[in-house]
Amino acid sequence: MPVYALVDVNSFYASAERLFRPDLVGRPVVVLSNNDGCIVARSAEAKALGVPMGEPYFRVRDCLRAAGAAVFSSNYALYADLSSRVMRTLEALAPAVEIYSIDEAFLDLTGLDTLTDTERFGQEVRARIRGDVGLPVCVGIGPTKTLAKLANHAAKQDPERHGVACLRDPAARARALRATPVNAVWGVGQRLADRLAELGVHTAEDLANLSPRRIRQHFPVTLARTAEELRGCACHDLESEPAPRQQIVCSRTFGTPVRDEPALREAVADYAVRAAERLRETGQHAAALSVFLRTDPHRTAEPQHMPTATRRLTIATDDTRDLLAVALRIAEELWRPGHAYIKAGVMLGELQAPGISGDLFADDAARARSADLMQAVDAINRRHGRAAVTYGVQRRGRAEWRMRRDYLSPAYTTRWTDLPVVG
DNA sequence: TCTGGGGTCCTAGGACCC
DNA sequence: TCTGGGGTCCTAGGACCC
């Protein structure tokens, strides 16, 4: 029987901020989304204040201030660096690791025979990550990924478990299923939970007991698999090789609404350049590009416009200049005067390995020059910062559309000048 | 009173995840 | 005044084909 573990950093972003600010231990800490819009991470103290996940910041600002909470803008450079340290530690501890998200990984523990071994392993993972990286994690263990997830949830809920829960034992599993509301099951969101409630399904146990036929009468096949996994039959394998990306999206809400075309072009250009950089990191080429614009749906009195348009490229490419030209052409077509846009985005699709869309007239020499140029630009920007080499339309001014990050912490681990000083 | 049927491909929209 | 960003998968429905 397979054994999976799910390791997950507790309140990752909040814990990351606190790592370099020991003065914040015991104080509520929250981290905001891009543009300082919503709450995306809360320390245990902040959760205890009743601050909901995803809540717009302005609604809880007063409450947080009164409680003496520390508030941070998202510092992705810091989180990405700490994440890779956590993952490297896990890779040293387990034979196979699937990096599931920035703060979570599945481990394949098949071969750890006894239940005592499994518990001990969970505690060792906690101790190692605490010691090597300094972050708190919880470990959930079970015969399927869905049960490992559920175990992780149980470990977080119940302090008695000291951060590790193992559901290999059938009796322990039955107790955990009974105690878990169905919307806390991996793959069951609020929509499905509401519809399940109409059938009298309220807990993970209820879902596990629902017959596959009954599920398929009302729900998609994904839910049938979830129920199967809750019963202990694995439908999802560990995927240690990441699947090739299918699309790349770069979009942002603007710091302030954009009403003029030059500012919009500048923003779209910036997103296209970043999307192209990320495309080259994957080693793929894109054969389709979409641009979308959005006005603010919350301002119902203002005219709304949420267009999107897609172009197929005759030749798949990873050259920023090609992608930028297409993106700007689409943006120009979409833009309508008299609207206050609050968001735009560039999406690359039909990603594929380079050179598979054979074009009879492709100029190999030109392609090679393009690859050399892109490589050079990427190398310079990696070394000297993203704004070292830019394209004319990006302008890099202090444009009003750039996002707000009023509470940004230093780049403690990725910039020499921000290195914390001890003593 | 009237109807073909089955396969494939594409797209949009909805649901989920962190 | 202030409401994130980046992904995946599934399904239904339409177009098209034989």
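Computed from a predicted model, the values in this text were never measured in an experiment. (Residues numbered from 1 in each chain as written. Chains lettered and ligands numbered in written order. Predicted model: local features only at pLDDT ≥ 70, side-chain atom pairs only at ≥ 80, totals over all residues. Heavy atoms only, no water.)

S.K.: Would you mind showing me how to read the nonpolar core here?
M.R.: Most often, soluble globular proteins have nonpolar side chains that are buried together. Residues Phe254, Leu289, Val291, Val346 and Leu348 are the most contacted members of the largest nonpolar core, which totals 39 residues. In terms of residue count, the dominant contributor to this core is helix α12 (residues 261-282) (eleven residues). Residues in contact with Val291, not counting those within four places in the same chain, are Val268, Pro307, Thr308, Ala309, Ala327, Ile330, Ala331, Leu334, Gly345 and Val346. (Core = buried A, V, L, I, M, F, W, Y, C linked by side-chain atoms within 4.5 Å. Buried < 20%, exposed > 50% of the residue type's maximum accessible area, 1.4 Å probe, protein only. Helix = DSSP H or I, 4+ residues; strand = E, 2+ residues; numbered from the N terminus. Contact = heavy atoms within 4.5 Å.)

S.K.: What is the right way to look at the environment of Leu49 in this model?
M.R.: With respect to the helices, strands and loops of the structure, Leu49 is situated in the loop between α2 (44-48) and α3 (57-66). By relative accessible area, which is 35% here, Leu49 ends up partly exposed. Taking the C-alpha atoms as reference points, Leu49 and Phe219, 170 residues apart in sequence, are found 36 Å from one another. Filtering out sequence-adjacent residues up to four positions away, Leu49 remains in contact with Pro28, Leu64 and Ala67.

S.K.: Would you explain unusual backbone geometry in this entry?
M.R.: For residues other than glycine, phi is negative in most cases, and the peptide bonds are mostly trans. Its identity as a non-glycine residue notwithstanding, Ser11 has a phi of 40°, on the positive side. Within the secondary structure layout, Ser11 lies in the loop between β1 (4-9) and α1 (12-19). Relative accessible area serves as the criterion here: at 17%, Ser11 is assigned to the buried category. With a phi angle near 55°, His162 is a residue other than glycine that sits in the positive phi range.

S.K.: Just checking my understanding: could you explain the pairing of strand β2 (residues 29-32) for this structure?
M.R.: Regular strands place their side chains on alternate faces of the sheet. Both faces of β2 are covered, namely the face carrying Val29 and Val31 and the face carrying Val30 and Leu32. Examined bridge by bridge, β2 and strand β4 (residues 70-72) share three bridges and lie parallel to one another. Paired with Val29 across the bridge in β4 is Ala70. Bridge count between β2 and strand β3 (residues 39-42): three bridges; the pairing is antiparallel. Across the sheet, Leu32 pairs through a bridge with Ile39, a residue of β3. Counting the residues in the hairpin turn of β2 and β3 gives six residues, including Asn35, whose phi is positive at 70°. (Pairing = 2+ DSSP bridges.)

S.K.: Just to check I follow, could you spell out the protein's contact with DNA strand C for this structure?
M.R.: Around DNA strand C, the surrounding shell holds 25 residues, and the nearest of these are Val249, Ser251, Thr253, Arg278 and Arg299. The sugar-phosphate share of atoms of DNA strand C within 4 Å of the protein amounts to 72%. At 3.4 Å from a base nitrogen of DNA strand C is found a side-chain nitrogen or oxygen belonging to Arg59. Measuring from a phosphate oxygen of DNA strand C, one finds a backbone N or O atom of Val249 at 2.6 Å. Sorting the residues of the surface near DNA strand C by element identifies α3, α11 (221-230) and β9 (248-258) as the ones contributing at least two each. It is β9 that contributes the most residues to the surface near DNA strand C, six residues altogether. (Near = heavy atom within 4 Å. Polar contact = N/O pair within 3.5 Å; in protein donor to acceptor, adjacent residues only side chain to side chain.)

S.K.: I would appreciate a short explanation of the protein's contact with DNA strand B in the present structure.
M.R.: By nearness alone, 14 residues border DNA strand B, and Ser101, Lys149, Gly187, Arg191 and Leu192 come closest of all. The contact atoms of DNA strand B, taken as those within 4 Å of the protein, divide so that sugar and phosphate hold 100%. One nitrogen or oxygen atom from the side chain of Ser101 is found 2.8 Å from a sugar or linking oxygen belonging to DNA strand B. Residue Arg191 places a side-chain N or O atom 2.8 Å away from a phosphate oxygen belonging to DNA strand B. Residue assignment for the surface near DNA strand B shows that the elements contributing at least two residues are β5 (96-101) and α8 (190-198). In terms of residue count, α8 provides more of the surface near DNA strand B than any other element does, three residues in total.

S.K.: Would you mind going over the domain arrangement of chain A with me for this structure?
M.R.: By a widespread convention, an interface's size corresponds to the accessible area lost as its parts come together. Taken as a whole, chain A is organised into domain 1 (4-9 + 79-231), domain 2 (12-74) and domain 3 (248-355 + 364-384). Here the C-alpha centroids of domain 2 and domain 3 sit 32 Å apart. (Domains from an automatic or database assignment.)

S.K.: How should the sheet that holds strand β8 (residues 164-166) be read in this particular structure?
M.R.: Through backbone hydrogen bonds, the strands of a sheet pair up, either in parallel or in antiparallel fashion. Ordered in space as β5-β6-β1-β7-β8, the five strands form an open sheet in which the pairing is mixed. The open sheet has two edge strands with one neighbour each: β5 and β8. Taking the axes of each pair of neighbouring strands and ignoring which way they run, one obtains an average angle of 15° across the sheet. One ladder, built from three bridges, connects strand β7 (residues 137-142) with β8; its direction is parallel. Paired with Ile141 across the strands is Cys166, a residue of β8. (Axes fitted to C-alpha atoms, helices over the stretch in contact; angles between N-to-C directions.)

S.K.: Looking at this model, I keep getting lost on helix α4 (residues 76-93). Mind explaining?
M.R.: Think of an α-helix as turning once every 3.6 residues; residues three or four places apart then point the same way. Compared with an ideal rise of 1.5 Å per residue, which puts 18 residues at 26 Å, α4 spans 26 Å between its outermost C-alpha atoms and is within 8% of the ideal. Inspection of α4 places Leu78, Tyr79, Asp81, Leu82, Ser83, Val86, Met87, Thr89, Leu90 and Leu93 among the buried residues, and these make up the whole buried set. Looking at the buried side of α4, the elements it contacts are β1, α1, β2, β5, β6 (104-108) and α5 (115-132). (Expected span 1.5 Å × (residues − 1).)

S.K.: Would you explain the sheet that holds β9 in this entry?
M.R.: Judged by pairing direction, the sheet is antiparallel, and its four strands sit side by side in the order β9-β12-β10-β11 without closing on themselves. Edge positions in the sheet fall to β9 and β11 (308-317), since each has one partner strand and no second. Each strand axis lies, on average, 15° off the axis of its neighbour in the sheet, ignoring direction. Here strand β10 (residues 286-295) pairs with β11 via six bridges, running antiparallel. Within β11, the position partnered with Ala286 by the bridge is Thr317.

S.K.: Explanation requested: the UniProt feature "domain: UmuC" (unreviewed entry) in chain A in the structure shown.
M.R.: According to UniProt, the feature "domain: UmuC" (unreviewed entry) maps to residues 4-189 in the numbering used here. Secondary structure over residues 4-189 splits into 44% helix and 20% strand, and the C-alpha atoms at its two ends are 23 Å apart. (UniProt positions renumbered as here; feature names shortened; annotations may be inferred.)

S.K.: Explain the pattern of salt bridges to me, please; I cannot follow it from the model alone.
M.R.: Oppositely charged side chains may form a pair once their charged atoms are brought near each other. If you walk through the whole model with that rule in mind, you get 24 salt bridges. Salt-bridge contacts for Asp158 lead to Arg161; the nearest nitrogen and oxygen are separated by 3.8 Å. Asp158 gets classed as partly exposed once you look at its relative accessible area, which sits at 27%. Of the charged contacts, one joins Arg299 and Asp296 as a salt bridge, the two residues approaching to 3.9 Å between their closest N and O atoms. Judged by relative accessible area, Arg299 falls into the partly exposed class, the value being 42%. Owing to a relative accessible area of 17%, Asp296 belongs among the buried residues under this scheme. One connected set of salt bridges, linked through shared partners, spans Arg259, Asp296, Arg299 and Glu302. (Salt bridge = Lys/Arg side-chain N within 4 Å of Asp/Glu carboxyl O.)

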